[in-house]
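Residue-level listing of the chains:
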Amino acid sequence: MNLFRLCGDLSHLFAMLILLAKIWKSRSVSGISGKSQVLFFLVFVTRYLDLFTVFISPYNTFMKCVYLLCSFVTCFFIYSKFRSTYNEEGDKFRIEFILVPAVGMAFLVHHDFNITELLWTFSIYLESVAIMPQLQMIAETGEAESITSHYLFFQGAYRALYIVNWYWRYTHENFVDKIAVVAGCVQTVLYMDFFYLYITKVLYGKRLTIPGGGSQGV
């Protein structure tokens with residue numbers, strides 16, 4: 001494992017912990033897209049089916065379990081414990097518009113035609129667009145809480161660091177996974193506008209607002 005992948009994994013984990021801490025401290029899931037969190041949980045479930053059948057390293061197994069647990073707890077908070085604070089009406093994104101294409105792409109472009117490989121490929125495609133319901137939710141209202149902004153930043157940083165990791169592996173190990181790289185680049189592109197707003201506003205103590213959005217806070 002190289003430093004870029006480790007930093008990417010930690011950035012991903014930090015994003016999830018930030019979100020959980022925000023929910024627990026405020027006792028609210030206001031401004032959080034339940035649909036995005038369900039999609040991320042589906043990503044982990046379909047990707048980590050080999051958790052108890054293939055052992056790579058203690059670190060790999062530990063991180064898989066932590067990601068699954070954090071994602072499950074987040075969904076539990078949204079749809080059960082703090083459901084009364086969930087803005088279901090504001091979470092409008094129709095997830096079938098990304099689920100169906102992800103399934104189709106997994107069947108069309110994959111490394112091997114077996115159930116484990118197809119589900120892994122599906123998870124890669126789905127992860128690249130799973131944040132879209134959250135981004136739409138922010139766009140609908142026009143602004144986001146600082147904690148939600150930090151969560152999105154570290155989610156995006158995780159994927160950006162993984163792109164550097166893939167480049168390092170290509171130059172040092174002569175290894176490249178074209179499916180993961182293309183999907184990862186798509187995911188990073190989705191965050192580009194947000195990165196700009198985060199750097200120019202949130203880091204300067206200003207509230208993140210989206211031009212053309214609504215007038216109510218998330």
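Residue numbers restart at each chain and count upward from 1, following the sequence in its written direction. At least 70 in pLDDT is required for a residue's local features to be given in this predicted model, at least 80 for side-chain atom pairs to be given and counted, and no such filter applies to totals for whole chains, interfaces and linings, which use all residues. Calculated side-chain values reflect all of the structure's heavy atoms, with hydrogen atoms and water omitted.

1. Topic: the nonpolar core
(1) Moving on: Core analysis: the largest hydrophobic core is formed by 44 residues, its most contacted members being Ile 23, Val 29, Phe 44, Tyr 67, Tyr 151 and Leu 152.
(2) Moving on: Once residues within four sequence positions are removed from consideration, Val 29 is found in contact with Lys 22, Ile 23, Phe 77, Ile 78, Phe 82, Thr 85 and Tyr 86. In plain words, nonpolar cores are sets of buried Ala, Val, Leu, Ile, Met, Phe, Trp, Tyr and Cys residues tied together by side-chain atoms within 4.5 Å. A 1.4 Å probe rolled over the protein chains alone gives each residue an accessible area, and that area as a share of the maximum for its type sets the label: buried under 20%, exposed over 50%, partly exposed in between. Between two residues, a contact is recorded if the distance between any of their heavy atoms is within 4.5 Å.

2. A look at the packing of aromatic side chains
Aromatic ring pairs are reported here in terms of the distance separating the ring centres and the angle at which the planes meet.
(1) Moving on: Pairing of aromatic rings covers Phe, Tyr and Trp, the last counted by its six-membered ring, and requires centre-to-centre distances within 6.5 Å; plane angles under 30 degrees mean stacked, over 60 mean edge-to-face, and any other angle means tilted. Scanning the entire structure with this criterion turns up 13 aromatic pairs.
(2) Moving on: Here the aromatic rings of Trp 24 and Phe 82 are separated by 6.4 Å at their centres, their planes lie at 70 degrees, and the arrangement is edge-to-face. Here Trp 24, found in helix H1 (residues 3–26), pairs with Phe 82, found in the loop between helix H3 (58–81) and helix H4 (96–108); they are 58 residues apart in sequence, far enough to count as distant.
(3) Moving on: The class for Phe 82 is buried, based on a relative accessible area of 7%.
(4) Moving on: Relative to Phe 154, the ring of Phe 153 lies with its centre 5.4 Å away and its plane at 85 degrees, an arrangement referred to as edge-to-face.
(5) Moving on: The exposure class of Phe 153 is partly exposed, given its relative accessible area of 23%.
(6) Moving on: Taken together through their ring pairs, the aromatic side chains of Trp 24, Phe 76, Phe 77 and Phe 82 make up a single cluster.
(7) Moving on: A positively charged side chain is recorded as over a ring if its NZ (Lys) or CZ (Arg) lies within 6 Å of the ring centre. The angle to the ring normal must also be within 35 degrees. Cation over ring: Arg 27 sits above Trp 24, and NZ or CZ is 4.2 Å from the ring centre. Going along the chain from the N terminus, every DSSP run of H or I of four or more residues is numbered as a helix, and every run of E of two or more is numbered as a strand.

3. Remarks on the UniProt feature "transmembrane region" (unreviewed entry) in the protein
(1) Moving on: The feature "transmembrane region" (unreviewed entry), as given by UniProt, occupies residues 61–82, 94–113 and 180–199 in the numbering adopted here.
(2) Moving on: Within the segment residues 94–113, helix and strand shares are 65% and 0% respectively, and the terminal C-alpha atoms sit 28 Å apart.
(3) Moving on: Counted over residues 180–199, helix gives 100% and strand 0%. Its end C-alpha atoms are 27 Å apart. UniProt positions are given in the numbering used here, feature names are shortened, and annotations may be inferred rather than shown by experiment.

4. Some points on H3
(1) Moving on: One fewer than the residue count of a helix, multiplied by 1.5 Å, yields its expected span. Taking 1.5 Å of rise per residue, the 24 residues of H3 would be expected to cover 34 Å, and the 32 Å separating its terminal C-alpha atoms lies within 8% of that figure.
(2) Moving on: Residues of H3 that are buried make contact with H1 and helix H2 (34–47).

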